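# Structure at a glance
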Amino acid sequence: MAFTFEDLFDADFLESLKHLRLVAKRVPAGGRFAEQRSRDLGSGLEFRDFRPYSSGDDLRSVDWNIYRRLGRVFLRLFEEMEDLPLYVLPDISRSAFLEESPRAHAGLRTTLALASIGLGQHDTVGVFPFAEELETCIRPQSGKGRQMTFARRLAELEPRGATNFEASLRRFAAMKQRAGLCVVVSDFFDPRGIDAVTTALGRLRHRLLLVQLTKSSDREPKLQGDLRLRDCETGVVEDISVTPAVIDGYRKAYDRFEEALTAFARKRNAGLLRLDTDAEVVPQLATLFENGHYAV
Amino acid sequence: MNLTLLSPLAYFAGLLGLAGGLFLLQRLRVRHREVDVVTTMFWQEAVHDARARVLVDRFRHPWAYVLVLALAALMWSAFAAPEKAQVSEGSVVFLLDASAAAGGNESFERAARALSEAVQPHDKETREVWVCGADMRTLLRPGEETLLLEARLEGLEPAATPSGVENALELLAREGRGPTDVVVYTRRTLDPERLALLPEGLRVRRAPALAESDRAASGAQPGEGVANSGITALGIVEAESGAWDCVDVLLEVRTTSSSKPSLVLSLDGVVVDRTLNEDAARLDEGVLRFSLKDLPARGGRLEARLASGDASAFDDLAAVRLPNRSPLRVQLSGGLEPELRATLRRVLERDPGVLLVDSEASLIIRTLEETGNELPALVLSSASSQEEAFLVTHKAERLSAEVLGEASGFLALSQIDATSLAETAQVAIRLGARGRAEGPREVAVWRELFSDRFDFTSSRAFPLFLSGSLRWLSEVEHVRPFVAAAETEIATGGLQREGARALVSMTGQTVAPLAGDYVSTEGERIAVSLLSPSSTRAAGESSAATQGGDSEEAQEVLEASSSATDAVTWILLIALLGLLFEWRQVRTGRMP
């Protein structure tokens, strides 16, 4: 295993998840992401519309008041109040486990934290880790008491190969999961570039929450001298001499990456949380529920 | 700071070479440090536009270059072996005693090594090295590199001559220098009386460790000296017995040994088979005196030798030339009155140094009228023919005043009752001398003094007068009692020793600098001996016998040299710290 259970989900962290769930619960009904107005018209509690009776319709839905007044048979339609399936896609590519303080550590904690919130709100939560391919770690399931099961399963994850958003998300889309909230927990460093990432994300029909696993050194690298950089996923070697001009070019390239990701989230009306993997995860996740609503 | 291994030009040339070489290496150096990163895509974008084709990469990492150059410069400086120059007030003169007082060769070599080491730390502009031995000269002048000293010390040996340290100090004093520290490398005690006359600015100190090292080398216990015996006197005098053809020999030996040294006398290589009279032997005081009476004086070289193997061999040998006292062949001329002839014969036959002959004479006693004889002569003149009663005719190159002084002696005039003679002769009795370019010596005396009117012939002075006159006429070789090296003045125009340069006298007097056998310009063979009690004593002196001449200020000179900072050690320490710093910088990626 890349991490031990105790290292990944220590007692302090698990305790902090309780607080996170409380924070999430304070969000009024209209803002909880477990509440989503389903487009399905069914026999839910809130009246929405009438439609003419068709053969085979449930007679219990007939609005007899209208029949008495108009002599015609209409069905009363109600909104279907359904739970919001939560699909968490943690990045378990090789790069997530590389550094001294691996991003995967924060990523898996984030996954459990979000899963805990969903489970606590009786949502269906599924975990689908990805790297060069998507895997099914935990099939969508609900139940408050399943948190530890989730934790154990997450702690057993091992690093995979290189990152491939296109292949991974294509597979996820092919699963035809019920529309829900898709949370992608990743650094979004795909060798094919940010355009490939955003294109693959754009194909998903789910609502999106992007949790970007970042480090301060992403924009401000602390490398100096003549270096031979080796991409830990692809093995590509790049000889560079770190000079002020090169640093400046690096920053610009990174800024373009960030701008592209932000523009996509804005365009797609997706949530984007930049998580500092060197800081505590739970306080940063709590910001999602600031101002009493979940803002995506 | 002095650089002992490199000249300043070589040092700075080396620095420039290092700087240039490192500069080239800096431009050529490409050292990639491998780093695994989560992604290279940003770096690829960054370097894509910055990468340009260049033939030679531009100079980068100037601070790294400066650090490496500083380390290389430190290493180069350490190689140059700098030494902190001793800053002392005034100059420093190192004086090496290369006389017989320096002891044997090993002792002298130790002194030379100690001196060479002591010179190193001092500023070369204010230090110099002298040596006083066979001659006094400068081994290292101010401004000269120390390396030259080692070359000049190579092959330098002590000489059989008394120590000239005090002479050198007096010469330094006469030069009128400013404050000068003098460090003397000698084993003998300096003369405190002569040192007391030196000016205050001249601070004299003996190298203290010299005696200690000598004692350690000899294996002597602390407080003990190194045993040495030496001949401190060898001379000859007229035989006390009166024998004209003999001399008495006097010897003195000084020793620090508890046992009597073995002494052998030889004459022209043949051992003198006679027992020496031991006069007032004082072995407990280390002084032994011997004598040998009535040694025949037939010329030859008399040599005294001690058994070798002690601290110094210079004083184990002494020699002196014996005079050649063959009998004088004297002829009485036929013009002498029979009575006078008989008187003369009677006196002369009693003189063992005279042989009366009728032919092949070397001297003649004649009348003034008997001319045509070229032999040196005692001439019987008359009061009418010469004003002086005694007239000495000598070679023109001598001064008559000198001859007059001699004549007073050999004519035994002090024994002559000149007053009585004058009263009898009714005229003053005078002594005269004249020089003559050609012709033999003469002593002319009034024949009237030989008559019965005067009691000259019956006086005690007469035989003395005769023998003295005859000996002066024959230029009998006077006893030269002894000749001590560097002390005894010899009346000569010059001296020549085999294998050495001739010594030319400008004043008619000269001194032989070393013990050995010489020939004067007049053809006289002269044996010169060391005969130096101070040298013999110095060779056997213990370290406890330090006396006089040490000034506390000069002591500081030696102490300062021994505590001189080792600059090389400090340089290497700094370089090591620099290397550690560079290693850490490279390891942490702060330096390429």
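Residues numbered from 1 in each chain as written. Chains lettered and ligands numbered in written order. Predicted model: local features only at pLDDT ≥ 70, side-chain atom pairs only at ≥ 80, totals over all residues. Heavy atoms only, no water.

## Structural notes on the sheet that holds strand S4 (residues 91-97) of chain B
All names here are of chain B.
- The strand order across the open sheet built from 5 strands is S6-S5-S4-S7-S8, with neighbouring strands paired in mixed fashion. Among the strands making up the open sheet, the edge pair consists of strand S6 (136-140) and strand S8 (202-206). Strand after strand, the sheet turns through a mean of 25 degrees between neighbouring axes, direction not considered.
- Sheet analysis places S4 next to strand S5 (residues 127-132), joined by 6 bridges and oriented parallel. Following the sheet pairing, Leu95 is matched in S5 by Trp130.
- Each of S4, S5 and S6 touches helix H5 (residues 146-153); the most contacted strand, S6, lies at about 135 degrees to it.
- Strands in contact with helix H6 (residues 165-174) are S4, S5, S6, strand S7 (180-185) and S8; relative to S4, the strand with the most contacts, it is inclined by about 155 degrees. (Pairing = 2+ DSSP bridges. Helix = DSSP H or I, 4+ residues; strand = E, 2+ residues; numbered from the N terminus. Axes fitted to C-alpha atoms, helices over the stretch in contact; angles between N-to-C directions. Contact = heavy atoms within 4.5 Å.)

## Thoughts on a nonpolar patch on the surface
All names here are of chain B.
- Residues Met75, Leu572, Leu576, Leu577, Leu579 and Leu580 make up a contiguous nonpolar surface patch of about 550 Å² in total accessible area.
- Of all the elements, helix H15 (residues 567-587) adds the most residues to the nonpolar patch, at 5 residues.
- Turning to its location among the elements, Leu580 is positioned in helix H15. (Patch = residues over 30% accessible without salt bridge, like charges linked within 9 Å, V, L, I, M, F, W, Y side chains within 5 Å. Areas by Shrake-Rupley, 256 points an atom, 1.4 Å probe, with all protein chains shown as cover. Salt bridge = Lys/Arg side-chain N within 4 Å of Asp/Glu carboxyl O.)

## Focus: unusual backbone geometry
- In this structure, Lys176(A) is a non-glycine residue whose phi angle is positive, near 50 degrees.
- Inspection of the secondary structure assignment puts Lys176(A) in the loop between helix H6 (165-174) and strand S7 (181-186).
- A relative accessible area of 68% means that Lys176(A) is categorised as exposed.
- For Asp268(B), which is not glycine, the phi torsion reads 50 degrees and is therefore positive.
- As for its position among the elements, Asp268(B) is in the loop between strand S11 (263-267) and strand S12 (270-271).
- Here Asp268(B) falls in the exposed class, since its relative accessible area comes to 52%. (Buried < 20%, exposed > 50% of the residue type's maximum accessible area, 1.4 Å probe, protein only.)

## Let's talk about the layout of surface pockets
All names here are of chain B.
- Roughly 820 Å³ of internal volume is contained in the second largest pocket.
- Counting residues per element, the ones that place at least two in the lining of the second largest pocket are S5, S6 and H6.
- Here the residues of the lining of the second largest pocket sort into 18 nonpolar, 7 polar and 10 charged. (1 Å grid on protein atoms, 1.4 Å probe; cavity = no way out; pocket = protein on both sides within 12 Å on 5 of 7 lines; lining within 4 Å. Points joined across faces, edges and corners; volume = space filled by probe spheres on them. Nonpolar A, V, L, I, M, F, W, Y, C, P; charged D, E, K, R; others polar.)

## Looking at the environment of Glu369(B)
- Along the chain, Glu369(B) turns up in the loop between strand S19 (363-367) and strand S20 (377-381).
- The exposure class assigned to Glu369(B) is exposed, which follows from its relative accessible area of 56%.

## With respect to the packing of aromatic side chains
- Counted according to the given criterion, the structure contains 25 aromatic pairs over all chains.
- Ring centres 5.6 Å apart and planes at 70 degrees place the aromatic pair Tyr87(A) and Phe172(A) in the edge-to-face group. A residue pair is termed long-range when its members are at least 10 positions apart, and Tyr87(A) in strand S4 (residues 86-90) and Phe172(A) in helix H6 qualify at 85 residues.
- Three or more aromatic residues joined by ring pairs make a cluster, and in this case those are Phe189(A), Tyr250(A), Tyr254(A), Phe257(A), Phe42(B) and Trp43(B). (Phe/Tyr/Trp six-rings, centres within 6.5 Å; stacked < 30°, edge-to-face > 60°.)

## Quick notes on the interface of chain B and chain A
- With 24 residues of chain B at the contact, the number on the chain A side is 30 residues.
- Overall, the association of chain B and chain A removes approximately 2700 Å² of surface from exposure, summing both partners, and the carbon and sulfur fraction of that is 63%.
- Inspection of the chain B/chain A interface yields 2 salt bridges.
- The partner of Arg230(A) in a salt bridge is Asp36(B), with the nearest N and O atoms 3.0 Å apart.
- Between the two partners, chain B and chain A, sit 10 residue pairs in polar contact (both at pLDDT 80 or more).
- Contributing elements (two or more residues each) for the side of chain B that touches chain A: strand S2 (33-37) and helix H2 (41-50) of chain B.
- In terms of residue count, H2(B) provides more of the side of chain B that touches chain A than any other element does, 8 residues in total. (Buried area = accessible area lost by both parts, 1.4 Å probe. Polar contact = N/O pair within 3.5 Å; in protein donor to acceptor, adjacent residues only side chain to side chain.)

## Topic: the nonpolar core
- One finds Phe9(A), Phe13(A), Leu17(A), Leu112(A), Phe150(A), Val183(A) and Leu285(A) to be the most contacted residues of the largest nonpolar core, which totals 45 residues.
- Per-element accounting of this core gives the leading share, 9 residues, to helix H4 (residues 103-120) of chain A.
- Within the second largest apolar cluster, 42 residues are counted, among which are Phe188(A), Tyr250(A), Ala265(A) and Met41(B). (Core = buried A, V, L, I, M, F, W, Y, C linked by side-chain atoms within 4.5 Å.)

## A few points about the packing of H4(A) against helix H5 (residues 147-155) of chain A
All names here are of chain A.
- Relative orientation of the contacting elements H4 and H5 amounts to 160 degrees, with a least axis distance of 10 Å. In this view, H4 runs roughly antiparallel relative to H5, as classed from their interaxial angle. As H4 runs across H5, the sense of the crossing is right-handed. The residues of H5 that touch H4, namely those facing Leu108, Thr111, Leu112, Ala115, Ser116 and Leu119, are Gln147, Phe150, Ala151 and Leu154. (Parallel < 35°, antiparallel > 145°, perpendicular 65-115°, else oblique. Left-handed = near helix turned anticlockwise from the far one by under 90°.)

## Points about the confidence of the model for chain A
- Considering every residue of chain A, the mean pLDDT works out to 83; 83% of them sit at 70 or more.
- In the model of chain A, strand S1 (residues 36-42) of chain A stands out as the element of lowest mean pLDDT, 45, in contrast to helix H7 (residues 194-202) of chain A, which has the highest, 95. (pLDDT = per-residue confidence, 0-100.)

## Overview of the pattern of salt bridges
Residue and element names in this part refer to chain A.
- Scanning the entire structure with this criterion turns up 43 salt bridges over all chains.
- We note a salt bridge from Glu133 to Arg171, for which the minimum N-O separation is 3.8 Å. Remark: Arg171 occurs in helix H6 and Glu133 occurs in the loop between strand S5 (125-127) and strand S6 (138-141); sequence separation between them is 38 residues.
- For Arg251, the salt bridge is made with Glu220, and the minimal N-O distance between the two is 2.9 Å. Of this pair, Arg251 sits in helix H9 (residues 244-268) while Glu220 is found in the loop between helix H8 (216-219) and strand S9 (225-231), placing the two residues 31 residues apart along the sequence.

## Some thoughts on the sheet that holds strand S17 (residues 328-332) of chain B
All names here are of chain B.
- One open sheet accounts for 7 strands, arranged S18-S17-S19-S20-S23-S21-S22; its pairing is mixed. Both edges of this open sheet fall to strand S18 (354-356) and strand S22 (431-436), since each of them pairs with a single strand only. Within this sheet the neighbouring strands show an average axis-to-axis angle of 20 degrees, counted without direction.
- Strand direction decides the pairing type here: S20 and strand S23 (residues 442-446), joined by 5 bridges, are parallel. Paired with Leu378 across the bridge in S23 is Val443.
- Helix H10 (residues 400-410) contacts strand S21 (390-395), S22 and S23 of the sheet and is inclined by roughly 130 degrees relative to S22.

## Regarding the side chain of Thr161(B)
Residue and element names in this part refer to chain B.
- Examined against the element boundaries, Thr161 turns out to sit in the loop between H5 and H6.
- Exposure remark for Thr161: the relative accessible area of 2% places this residue in the buried category.
- Sequence-distant contacts of Thr161, defined by excluding residues within four places in its chain, comprise Ser99, Ala100, Gly133, Ala134, Ala486, Pro513, Leu514, Leu530 and Ser535.

## Here we look at the confidence of the model for chain B
Residue and element names in this part refer to chain B.
- The predicted model of chain B averages 81 in pLDDT, with 85% of residues at 70 or higher.
- Confidence over residues 542-565 falls short of pLDDT 50; this stretch has 42 contacts with residues more than four positions distant or in other chains.
- Reported confidence for the predicted complex is 0.81 by ipTM and 0.49 by pTM.

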